[in-house]
Amino acid sequence: MKLVPLFDKVVLKQMVAEETTKSGIILPGQAKEKPQQAEVIAVGPGGVVDGKEITMQVKAGDKVIYSKYSGTDVEVDDEKYVIVKQSDILAVIE
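Cut-off values and rules
- Residues numbered from 1 in each chain as written.
- Predicted model: local features only at pLDDT ≥ 70, side-chain atom pairs only at ≥ 80, totals over all residues.
- Heavy atoms only, no water.
- Pairing = 2+ DSSP bridges.
- Helix = DSSP H or I, 4+ residues; strand = E, 2+ residues; numbered from the N terminus.
- Axes fitted to C-alpha atoms, helices over the stretch in contact; angles between N-to-C directions.
- Salt bridge = Lys/Arg side-chain N within 4 Å of Asp/Glu carboxyl O.
- Buried < 20%, exposed > 50% of the residue type's maximum accessible area, 1.4 Å probe, protein only.

1. Focus on the sheet that holds strand β2 (residues 37–43)
Across the sheet, which stays open at both edges, the six strands sit in the order β6-β7-β1-β2-β5-β8 with antiparallel pairing between neighbours. Of all the strands in the sheet, just β6 (72–76) and β8 (89–93) have a single pairing partner and so form its edges. Taken pair by pair, the neighbouring strands of this sheet meet at an average axis angle of 45 degrees, ignoring direction. Of the pairings in the sheet, the one linking β6 to strand β7 (residues 79–85) comprises five bridges and is antiparallel in character. Across the sheet, Thr72 pairs through a bridge with Ile83, a residue of β7.

Encoded structure:
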């Protein structure tokens, strides 16, 4: 199955959460924060959303940082994804 986002939506796959801190402390599952870095898997076509013309600024393969409490978590074929609006993406990692 393939996810095809509509309008200004972007499908992201989260990067793996850190298992240890920089000082070497191993974190249990509950202590790990949901990572805010992700890879763009698919991008919607943009277009007119709420009366405004939206052009997509990201493309598949980009690494991005997105807003912490944004998006909708989905699971397709045992893979977990997050679908966000383009405006929830804060930065592209180069």
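Next comes the rest of the write-up.
2. Overview of the pairing of strand β1 (residues 9–14)
Pairing of β1 with β7, which is carried by four bridges, proceeds in the antiparallel orientation. Bridging across to β7, Leu12 finds its partner in Val82.

3. Describing the pattern of salt bridges
Tallied over the full model, the rule gives four salt bridges. A salt bridge links Asp8 to Lys9; the shortest N-O distance between them is 3.5 Å. For Lys9, a relative accessible area of 29% corresponds to the partly exposed category. Here Lys63 ties to Glu39 by a salt bridge, and the two come within 3.7 Å at their closest N and O atoms. In this pair, Lys63 sits in strand β5 (residues 63–66) while Glu39 sits in strand β2, placing the two residues 24 residues apart along the sequence. The exposure class assigned to Lys63 is partly exposed, which follows from its relative accessible area of 32%.

4. Some remarks on unusual backbone geometry
For Asp50, which is not glycine, the phi dihedral falls at a positive 55 degrees. Looking at the element boundaries, Asp50 is found in the loop between β3 (47–49) and β4 (52–54). Residue class for Asp50 comes out exposed when judged on its relative accessible area of 75%. One non-glycine residue, Asp77, adopts positive backbone phi at about 50 degrees.

This is a description of form; function is not addressed.
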